[in-house]
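Below, each chain spelled out in residue letters.
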Amino acid sequence: MENLAQSVPPILTVEDVHKTYRDGETFAEVLKGISFSVSAGEFVAIQGPSGAGKSTLLNLLGALDRPDQGKITIGGVELTSAIKNKTIELFRRDKIGFIFQNHYLMQEFTVVENVMLPLRVQGETYSAAKEKAASLLERIGLGHRLEHFPSQISGGESQRVAVARAVVKNPPLILADEPTGNLDSDNRARFIEILNKLQAEDKLTVIVVTHEAELAMAASRRLLMRDGMIE
Ligand SMILES: Nc1ncnc2c1ncn2[C@@H]1O[C@H](COP(=O)(O)OP(=O)(O)OP(=O)(O)O)[C@@H](O)[C@H]1O
Ligand SMILES: [Mg+2]
């Protein structure tokens, strides 16, 4: 019988990706031929020592930078070509939700407005965007913080708002770089609980770079990066 899992094309494929940074006269090859793929609905953790190239790889997946060699395809879009033909802005807007170590919320907007922004940029009306953003914030226990400004909520709450902002447009891929790096253990546990809940309920595809065993253990698959390669 045909294996159903194999007949579903992966949402992400990375094929023999290389990246070298140039610093004056010296060249450092940071990614030395990375290949892997991720299926829709997977929750993948990328672990590895400092300097292994994890953030470099994540930046390539989010098309914030481009590989020197190799191919990255996300939801049928090949990133290097999309960068060349200038469709990459739309790709970033619609296909990727980013969660960084620092939440980077917009200080002059309220919590609910911060979460509405990705929808407004996609052309949703104010009221439709507000309804979606508010209901998502309620699902993650922040219903009582909608009209607060980022300066009026805690760091842990801010990072949970950042999760809502990343997932609200329902992008095919969520990328997170050390999302719990600045959180204490209580807030880390709550962050993981929320990411887990949304990932499972909304069948999100998530790639998270982390040093934290607790977060890595929440993933359905772990990849170990060492010295520019995936082991
Ligand atoms: N823009 C850049 N220019 C030059 N070198 C860079 C640049 N970005 C990263 N590097 C170098 O590339 C290597 C990999 O960096 P990267 O940030 O990808 O590591 P990492 O695995 O994310 O580490 P960490 O766990 O500390 O965040 C490091 O040696 C770093 O100094
Ligand atoms: Mg890093």
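For the structure, check the block above.
A brief structural summary. Just so you know, these numbers come straight off a predicted model, no measurement behind them.

### A short note on the site of ligand 1
Then comes step 1: The environment of ligand 1 is made up of Tyr 21, Val 30, Pro 49, Ser 50, Gly 51, Ala 52, Gly 53, Lys 54, Ser 55, Thr 56 and His 211.
Then comes step 2: Contact between ligand 1 and His 211: an oxygen atom at 3.0 Å from a side-chain N or O atom of the residue.
Then comes step 3: Protein chains bury 56% of the 640 Å² of accessible surface belonging to ligand 1 in isolation.
Then comes step 4: Element by element, the count of residues in the shell around ligand 1 is highest for helix 2 (residues 54-61), at three residues.
Then comes step 5: Partitioning the shell around ligand 1 into residue classes produces four nonpolar, six polar and one charged.

### Observations concerning the sheet that holds strand 2 (residues 26-38)
Then comes step 1: Judged by pairing direction, the sheet is antiparallel, and its four strands sit side by side in the order 2-1-4-5 without closing on themselves. Each having just a single partner strand, strand 2 and strand 5 (77-78) make up the two edges of the open sheet.
Then comes step 2: Strands in contact with helix 2 are strand 1 (12-23), strand 2 and strand 4 (69-74); relative to strand 2, the strand with the most contacts, it is inclined by about 60°.

### Describing helix 6 (residues 126-139)
Then comes step 1: With 14 residues, helix 6 ought to run about 20 Å at 1.5 Å a step, and its terminal C-alpha atoms sit 20 Å apart, in line with that.
Then comes step 2: If you check which residues of helix 6 are buried, you get Ala 129, Ala 133, Ala 134, Leu 136 and Leu 137. For helix 6, the angular spread of buried residues about the axis comes to 165°, placing them on one side. Looking at helix 6, the residues exposed on the side facing more than 90 degrees away from the buried face are Ser 127 and Glu 131.

### Observations concerning the packing of aromatic side chains
Then comes step 1: Considering all chains together, one arrives at two aromatic pairs under this definition.
Then comes step 2: Ring centres of Phe 98 and Phe 100 lie 5.4 Å apart, and the angle between their planes is 10°; on these two criteria the pair is classed as stacked.
Then comes step 3: Note on Phe 98: relative accessible area 19%, which makes it buried.
Then comes step 4: Classification of Phe 100 as partly exposed rests on a relative accessible area of 32%.
Then comes step 5: Relative to Tyr 104, the ring of Phe 100 lies with its centre 5.9 Å away and its plane at 75°, an arrangement referred to as edge-to-face.
Then comes step 6: Its relative accessible area of 56% is what places Tyr 104 among the exposed residues.

The rules behind each value
The numbering scheme is per chain: residues are counted from 1 as the chain's sequence reads. Key to labels: chains lettered from A, ligands numbered from 1, both in the order written. Local features are withheld for residues below a pLDDT of 70 in this predicted model, meaning they are given only at 70 or higher, and side-chain atom pairs are given and counted only at 80 or more; totals for whole chains, interfaces and linings count all residues. As a convention, hydrogens and water are excluded, and side-chain values are obtained from all of the structure's heavy atoms. Only heavy atoms are used to decide nearness, and a residue is near a molecule or strand if one of them lies within 4 Å of it. Here a polar contact means two N or O atoms within 3.5 Å. Within protein one must be a hydrogen donor candidate and the other an acceptor candidate, and residues neighboring in sequence count only if both atoms are side-chain atoms. Areas reported here follow the Shrake-Rupley algorithm with a probe of radius 1.4 Å; residue values treat only the protein chains shown as occluding. Helix numbers and strand numbers start at the N terminus; a helix is a DSSP run of H or I with at least 4 residues, a strand a run of E with at least 2. Each residue gets one of three labels, nonpolar for Ala, Val, Leu, Ile, Met, Phe, Trp, Tyr, Cys and Pro, charged for Asp, Glu, Lys and Arg, and polar for the others, Gly among them. Here the rule is simple: two strands pair whenever DSSP picks up at least two bridges between them. Throughout, a contact is declared for two residues whenever any of their heavy atoms are within 4.5 Å. Think of each axis as a best-fit line through the C-alpha atoms, taken over the contacting stretch in the case of a helix, with angles from 0 to 180 degrees between the N-to-C directions. Expected helix span is computed as 1.5 Å times (number of residues minus one). The buried label applies to any residue whose accessible area, calculated with a 1.4 Å probe on protein chains only, is under 20% of its type's maximum; exposed applies above 50%, and partly exposed to all values in between. Working note: the arc is built from the helix axis to C-beta atom directions. Paired rings are identified among Phe, Tyr and Trp, the last through its six-membered ring, by centres lying within 6.5 Å, and are further divided according to the angle between planes into stacked (under 30 degrees), edge-to-face (over 60) and tilted (the rest).

Bear in mind that shape data such as this cannot, by itself, settle questions of function.
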